Amino acid sequence: MSKCMSLEEAVNLVKDGDSLWLSGGGGGINDPGYLLSDLEKRFLDTGSPAGLTLYHSAGIGDKQGGGADHFAHKGMVRKVVGSHWTWSVNMQKLAMENQIEAYVLPQGVMTQLVREIAAGRPGLITKTGLHTFVDPRVEGGCMNRRSTEQLAQVLEIGGREYLLYKAFPIDVAVIRGSTADED
């Protein structure tokens, strides 16, 4: 059985309510553009996939409708947790209008947290973010009024404070694979 599939087959794997990890980098670098564009087209044509949750550790987009902005349609996304939003101007607009839950966490936290999730661990324990806007005692990384979930909790270990950034489910990892070895 082949491990390769068409773009259409890949796009049809994403279901309503799924949680997606988006890979790429600021300015559209290594964004999986064809896949994101076809997911957007599918939603605009059929209304599905809807109610998605997006996670990313870098600024996914190009300030011109690419990257995470392919998902910036009312009803397509329920929640976004990202390390920065600079390149996704249309998604920023949805967040400012309280159309979606919107959170920001440190980039290093997001990259290490996805590793912890892949390993089946409960989250990432670190001092990063203590007493800053991502500390749950401050703002918890919440970017708007609609965002109320606590993504981290304060732990005390050996008399020192840490943040536990909680693991979350990832149903689909969306990565750019221009070439791949099927084996």
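Refer to the preceding data block for the structure.
What comes next is a walk through the structure. Note that the structure is a prediction, hence the values are computed from the model and not measured. (Residues numbered from 1 in each chain as written. Predicted model: local features only at pLDDT ≥ 70, side-chain atom pairs only at ≥ 80, totals over all residues. Heavy atoms only, no water.)

**Some remarks on the environment of Val174**
- In this fold, Val174 is placed in strand E8 (residues 172-174).
- Since its relative accessible area comes to 1%, Val174 is described here as buried.
- Between the C-alpha atom of Val174 and that of Arg160, which follows or precedes it by 14 residues, the distance is 37 Å.
- Those residues in contact with Val174 that sit more than four places away from it in its chain are Leu20, Trp21, Leu22, Ser23, Pro32, Leu35 and Leu36. (Helix = DSSP H or I, 4+ residues; strand = E, 2+ residues; numbered from the N terminus. Buried < 20%, exposed > 50% of the residue type's maximum accessible area, 1.4 Å probe, protein only. Contact = heavy atoms within 4.5 Å.)

**Observations regarding unusual backbone geometry**
- Residue Pro49 is reached from Ser48 by a cis peptide bond, and omega for that bond is 5°.
- Residue position: Pro49 is located in the loop between helix H2 (33-46) and strand E2 (52-56).
- At Lys63, a residue that is not glycine, the phi angle is positive and equals roughly 65°.
- On the secondary structure map, Lys63 appears in the loop between E2 and strand E3 (77-82).
- Its relative accessible area of 45% is what places Lys63 among the partly exposed residues.
- Not every positive phi belongs to a glycine, and His131 is a case in point at roughly 65°.
- Tracing the backbone through its elements, the reader meets His131 in the loop between strand E5 (123-126) and strand E6 (152-157).

**Points about the pattern of salt bridges**
- For the structure on display, the rule yields 8 salt bridges.
- Here Glu149 makes a salt bridge to Lys79, at a shortest N to O gap of 2.8 Å. Placement of the pair is Glu149 in the loop between E5 and E6 and Lys79 in strand E3, with a sequence separation of 70 residues.
- In this structure, Asp135 and Arg137 form a salt bridge, with 2.7 Å as the shortest nitrogen-oxygen distance.
- Three or more residues joined by partner-sharing salt bridges are found here, namely Arg115, Glu116 and Arg121. (Salt bridge = Lys/Arg side-chain N within 4 Å of Asp/Glu carboxyl O.)

**Observations concerning the sheet that holds strand E7 (residues 160-166)**
- Read across the open sheet, the 3 strands follow the order E5-E7-E6; overall the sheet is antiparallel. Two strands in the sheet have a free side with no partner beyond their single neighbour: E5 and E6. Across the sheet, the axes of successive neighbouring strands diverge by a mean angle of 30°, strand direction being ignored.
- The sheet contact formed by E6 and E7 spans 6 bridges and is antiparallel. The residue of E7 that forms the bridge with Val154 is Leu163.
- Along the sheet face, helix H4 (residues 107-118) touches E5 and E7 and points at about 135° away from the line of E5. (Pairing = 2+ DSSP bridges. Axes fitted to C-alpha atoms, helices over the stretch in contact; angles between N-to-C directions.)

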